[in-house]
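One-letter residues, chain by chain:
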Amino acid sequence: MIRLHDILDMVAAYNPEADLDLIKKAYVFSAKAHQGQTRRSGEPYLTHPMEVAGILSQMKLDVPSIATALLHDTVEDTVATLEEVEQLFGPEIRNLVDGVTKLSKIQFTTSQERQAENFRKMIMAMAKDIRVILVKLADRVHNMRTLEHMPEMRQVAIAQETMDIYAPIANRLGIQEMKIELEDLSLKYLKPDIYQMIDEQVRKRKGQREKYITEIKKLVGDRMREHNVECDIYGRLKHYCSIWRKMESQHIPFDQVHDIIAFRLIVESVQQCYEALGVIHALWRPVPGRFKDYIAMPKANGYQSLHTTVIGPSGDRIEFQIRTGEMHDFAEHGIAAHWKYKEGRLIDDKEEMKFKWIRKLLEWQSELSDPAEFLDTVKLDLFADDVYVFTPAGELLEFPRGSTPLDFAYSIHTDLGHTTIGAKVNGKIVPLKYQLRSGDTVEILRGKKPQPHKDWLSVVKTSRAKAKIRQWLRQEEQDKSSLIGRELLEKECRRYNISINQLLKNKEVENFAKSSSYDSTEALLSAIGYGKFSPLQIISLVVPHDQLHPEDRPKEESSVIGKIVQRLTRPKGLVKVGGMSDMMVSFGKCCNPVPGDPIVGFVTRGRGVSVHVSDCDKVLSQEHDRLIQVEWDMTQSAARVVRIRVMCQDRIGILAKMTEAITSEGANIAGASIRINDDKTALNSFDVEIKDLTQLRNVMKSLERVKGIISVERVRE
């Protein structure tokens, strides 16, 4: 356990003028508040805030942040109040403690609406004071380090939340050290068999690896001295999560991951970065396409370094990262490396602008009302890995990796995006699905009329472009439905010799529209076009019952939901619509939901309700008025067919072991296909009958435990 004087020594070393008495005072308050409390490990609870404060001290944060770390659980877990904290430590620390307490209550495994609201709260807290999220990240790091004491279900839930939310945030803030640790610890609990396999292989080769690192360091060090380049050289193993992702993306076993060792050169100046690069390239042949200059074009989070991969002495690929000491400090600690201790703020506005993505999200969260769309926006931005391209005028713009000319067009102006008909990259016409590369110069070819298409949603990468396309498609769909609704109503009006304009201005019709939450004539017409109301329903508001044609007189009043979907005389289904389980539903083939997935429905014309996973692109592009709340009927049990893709080594008996792994979890294989690759791997697709999401996860875990399996993934088509 870290001790108080260890924390004080660390803080005094990087900030000699720090108010250490404030940290001591926070320690005493926390010790009294948590007295008698223990963690699941049996240790005194005080060990946790102490370790969190120690992590932030290593990041060289300011005194209020260290004090907040010591106090962060007092208000939530003890009888202490925010008023007491403010009285003893002032308003700044009170606000920080309050911010961290609120973040601690956020759960990201709730419903779509709650999840979206929780993301909004997190973004608001980050925008208000970035130190809140830094304390929360340190809190999560220590909780992950001690996760073995939690029940298995909680381990998986916390690890998944860490992988999905907190590791990407650490990455976006440039805190690589923290991001790597969070990812590796998450992998340990999410993919325990894969983690153990990588760990065993790494330990087995430890002596061989250390010898290799020593040889390369000596060789590079000698050459650098010959060219008068002063540098420190470090060799390190790539972290486990990085190795696993490489195995998955390239469909290769551990033995074929050759560049698992990376070397880092820390030099004195930017000029020496490029000189060192020249020495490395003169020593070994560089791999084409593997050089990245993040010094000239820093990442969005401010990260700077030169990256190159070369063919080493044994024919293996070796990665080198070359940077200055200042760049290295920022790479490890990100935004925390630019903290001004006395004022408790960032050094200047330029440094703060490196994290403008937080402000972008803050702006967009006020524009996006649909929870699923907002979540999609946040996740896209958290996971962005950037490329840098030029406008024809030479302006440099950054985009997430995988972005296309359409993303470029929408980033310039919405109208330019809507009217795009083609693009030129580096003077040559390219398809709209062309993926931009760093250094490209992009020119957009535009037409006279807007023409966004649903297919564009699968082409664009940026959240802005997706949001604008969906917005246009929804408006277009609404306009079409409004036109259809008007035609249907006009036809009915002609039967009764009524003017449609007079009908729509009738007080009864206006009151009906308002009571049904339609605030305009066009919205009501659109609802008729969607089939939510029949034209006769509107006519009957102004025409007396006895004056209706006999065939038009309703035998009984129908509910709104009855107008949306038909009830069928068939067995109850897996999904409830409006609390009823005998509605006409279909499942979207685009996302193939299974019981347990978060779902949403949207009303189709004549085919009842189509059920999709909440973040399905097809749903996000629909008019919000057509969406309807649906839920799994957990009292019913019926299997859904899910496709699972498995990459494995081509070895005798492995197919039998895979089928055994699937059936051992009580799942039935409805179909299978196998393709053998030239590199002695096999790609297998299994159509498996699954009862719910828990069974699917168990099947995938069972497959991962089979020796020779490289990757297992659920396929959404």
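For every chain, the first residue of the written sequence is number 1, and numbering continues from 1 onward in sequence order. Only residues with pLDDT of at least 70 are given local features in this predicted model, and only at 80 or more are side-chain atom pairs given and counted; all residues enter the totals for whole chains, interfaces and linings. The basis for the side-chain values is all heavy atoms of the structure; hydrogens and waters are excluded.

## As for the overall build of the protein
- Secondary structure summary: the protein contains 30 helices and 22 strands in total.
- Per-residue burial over the protein gives 52% buried out of 717 residues.
- When the accessible surface of the protein is summed, it comes to about 34,800 Å², and 49% of that surface belongs to carbon and sulfur atoms. Each helix is a run of DSSP H or I of at least 4 residues and each strand a run of E of at least 2, with the numbering of both proceeding from the N terminus. Burial classes follow relative accessibility: with a 1.4 Å probe on protein chains only, a residue under 20% of its type's maximum area counts as buried, one over 50% as exposed, and anything between as partly exposed. Surface accessibility in these figures is a Shrake-Rupley result with a 1.4 Å probe; residues are shielded only by whichever protein chains are displayed.

## Observations regarding the side chain of Thr-308
- By the element assignment, Thr-308 lies in strand S4 (residues 306–311).
- Residue class for Thr-308 comes out buried when judged on its relative accessible area of 1%.
- Any pair of N or O atoms that falls within 3.5 Å is considered a polar contact. Within protein, one atom must be able to donate a hydrogen and the other to accept it, and sequence-neighbouring residues count only if both atoms are side-chain atoms. A polar contact of 2.7 Å, which involves the side chain of Thr-308, links it to the side chain of His-281.
- A contact between two residues is defined here by any heavy atoms of the two lying within 4.5 Å. With residues near it in sequence (within four places) discarded, Thr-308 still touches Leu-277, Ile-280, His-281, Pro-286, Arg-290, Phe-291, Ile-318, Glu-319 and Phe-320.

## Quick notes on the packing of helix H3 (residues 47–58) against helix H9 (residues 131–145)
- Axes here refer to lines fitted to C-alpha atoms; in helices the fit is confined to the stretch in contact. Angles between the N-to-C directions go from 0 to 180 degrees. Remark: H3 packs on H9, axes separated minimally by 9 Å, with the N-to-C direction vectors making an angle of 120°. Taken as axis vectors, H3 and H9 run oblique relative to one another. Two packed elements cross with a definite hand, and for H3 against H9 that hand is right-handed. In contact with Thr-47, His-48, Glu-51, Val-52, Ile-55 and Leu-56 of H3, H9 contributes Leu-134, Val-135, Ala-138, Asp-139, Val-141, His-142, Asn-143 and Arg-145.
- Considering only residue class, the contact of H3 with H9 consists of seven nonpolar, four polar and three charged. Comment on the angle field: the value is read as roughly parallel under 35 degrees, roughly antiparallel over 145, roughly perpendicular from 65 to 115, and oblique elsewhere. Should the near helix be turned anticlockwise from the far one by less than a right angle, the crossing is left-handed, and should it be turned clockwise, the crossing is right-handed. Side-chain classes follow a simple rule in which Ala, Val, Leu, Ile, Met, Phe, Trp, Tyr, Cys and Pro form the nonpolar group, Asp, Glu, Lys and Arg form the charged group, and the remainder, Gly included, forms the polar group.

## As for a positive patch on the surface
- Grouping into patches uses exposed residues only, defined as over 30% relative accessible area, and leaves out salt-bridged ones; the cut-off is 9 Å for like charges and 5 Å for nonpolar side chains (Val, Leu, Ile, Met, Phe, Trp, Tyr). We define a salt bridge as a side-chain nitrogen of Lys or Arg found within 4 Å of a carboxyl oxygen belonging to Asp or Glu. We count Lys and Arg on the positive side and Asp and Glu on the negative side, and we leave His and both chain ends out. Positions of charges follow a simple convention, taking NZ of Lys, CZ of Arg, CG of Asp or CD of Glu. A surface patch of like charges, here positive, comprises Lys-204, Arg-651, Lys-657 and Lys-707.
- Structurally, the position occupied by Arg-651 is in the loop between strand S19 (640–649) and helix H29 (654–663).

## Quick word on the pairing of strand S22 (residues 709–715)
- Counted residue by residue, S22 has six buried out of seven residues, so it is predominantly covered.
- Criterion used throughout: strands pair if DSSP finds at least two bridges between them. Sheet topology places S19 next to S22; six bridges connect them, and they run antiparallel. Residue pairing for S22: Cys-648 is matched across the bridge by Ile-709.

## Digging into the pattern of salt bridges
- This model, assessed by the stated rule, comprises 20 salt bridges.
- Ionic pairing is found between Lys-24 and Asp-21, a salt bridge with its closest N-O pair at 3.9 Å. Of the two residues, Lys-24 and Asp-21 are both situated in helix H2 (residues 20–33); the distance of three residues between them amounts to about one turn of the helix.
- Assessed through its relative accessible area of 37%, Lys-24 is described here as partly exposed.
- What makes Asp-21 exposed here is its relative accessible area of 54%.
- When salt bridges that share partners are traced, they join Asp-62, Glu-92 and Arg-131 into one network.

## With respect to the sheet that holds strand S16 (residues 609–613)
- Within the open sheet, the four strands sit side by side as S14-S16-S15-S17. Their pairing is mixed. Each edge of the sheet is formed by a strand with only one pairing partner; in this case those strands are strand S14 (585–587) and strand S17 (627–628).
- Across three bridges, the pairing between S14 and S16 is parallel. Within S16, the position partnered with Phe-587 by the bridge is Val-611.

## Comments concerning a nonpolar patch on the surface
- A cluster of nonpolar residues, Leu-655, Ile-674 and Ile-676, forms a patch on the protein surface that exposes about 260 Å² of accessible area.
- Within the secondary structure layout, Leu-655 lies in helix H29.

## Thoughts on the packing of aromatic side chains
- Centres within 6.5 Å make a pair out of two Phe, Tyr or Trp rings, where for Trp the six-membered ring is used; the pair is then stacked when the planes are under 30 degrees apart, edge-to-face when over 60, and tilted otherwise. Inspection of every chain in the model, using the stated rule, returns seven aromatic pairs.
- Judged by centre distance (5.8 Å) and plane angle (85°), the rings of Phe-29 and Phe-89 are edge-to-face. A residue pair is termed long-range when its members are at least 10 positions apart, and Phe-29 in helix H2 and Phe-89 in helix H6 (residues 82–89) qualify at 60 residues.
- Under the relative-accessibility criterion, Phe-29 is labelled buried at 14%.
- Judged by relative accessible area, which is 9%, Phe-89 ranks as buried.
- Three or more aromatic residues joined by ring pairs form one cluster here, namely Phe-263, Trp-284 and Phe-320.
- Both a distance and an angle decide whether a charge sits over a ring: NZ of Lys or CZ of Arg must be within 6 Å of the ring centre and within 35 degrees of the ring normal. Lying over the aromatic face of Phe-89, Lys-25 brings its terminal NZ or CZ to 5.5 Å of the ring centre.
- A cation sits over an aromatic face here: Arg-640 above Phe-587, 4.0 Å from the ring centre.

## Examining the nonpolar core
- Formed by 101 residues in total, the largest nonpolar core has its most connected members in Leu-137, Val-220 and Phe-320.
- Discounting chain neighbours no more than four positions away, the residues touching Phe-320 are Ile-216, Val-220, Phe-263, Leu-265, Ile-280, Trp-284, Leu-306, His-307, Thr-308 and Val-310.
- Among the buried residues, those of types Ala, Val, Leu, Ile, Met, Phe, Trp, Tyr and Cys that are joined through side-chain atoms within 4.5 Å form a nonpolar core. Grouped together as the second largest cluster of nonpolar side chains are 22 residues, Val-642, Phe-686, Val-688 and Leu-703 included.

## Some points on helix H4 (residues 63–71)
- With nine of its nine residues buried, H4 lies for the most part within the structure.
- Within H4, the full set of buried residues consists of Val-63, Pro-64, Ser-65, Ile-66, Ala-67, Thr-68, Ala-69, Leu-70 and Leu-71.

## Remarks on the sheet that holds strand S11 (residues 428–430)
- Read across the sheet, three strands follow the order S11-S10-S12 without closing on themselves; strand pairing throughout is antiparallel. Every interior strand has two partners, whereas the edge strands, S11 and strand S12 (442–446), have only one. Direction aside, the axes of adjacent strands within the sheet are offset by 35° on average.
- Two strands pair when backbone bridges link them, and strand S10 (residues 420–425) and S12 are joined in this way by five bridges, in the antiparallel orientation. The residue bridging Thr-420 from the neighbouring strand is Arg-446, located in S12.

## Here we look at the confidence of the model for the protein
- The score called pLDDT rates the predictor's confidence residue by residue, from a low of 0 to a high of 100. Here the protein averages 81 in pLDDT, and 83% of its residues register 70 or above.
- Contacts of residues 339–351 to residues separated by more than four positions or lying in other chains number 23 contacts, the stretch itself having pLDDT below 50.
- Here residues 556–572 scores under 50 on pLDDT; set against residues more than four positions off or in separate chains, the count is 29 contacts.

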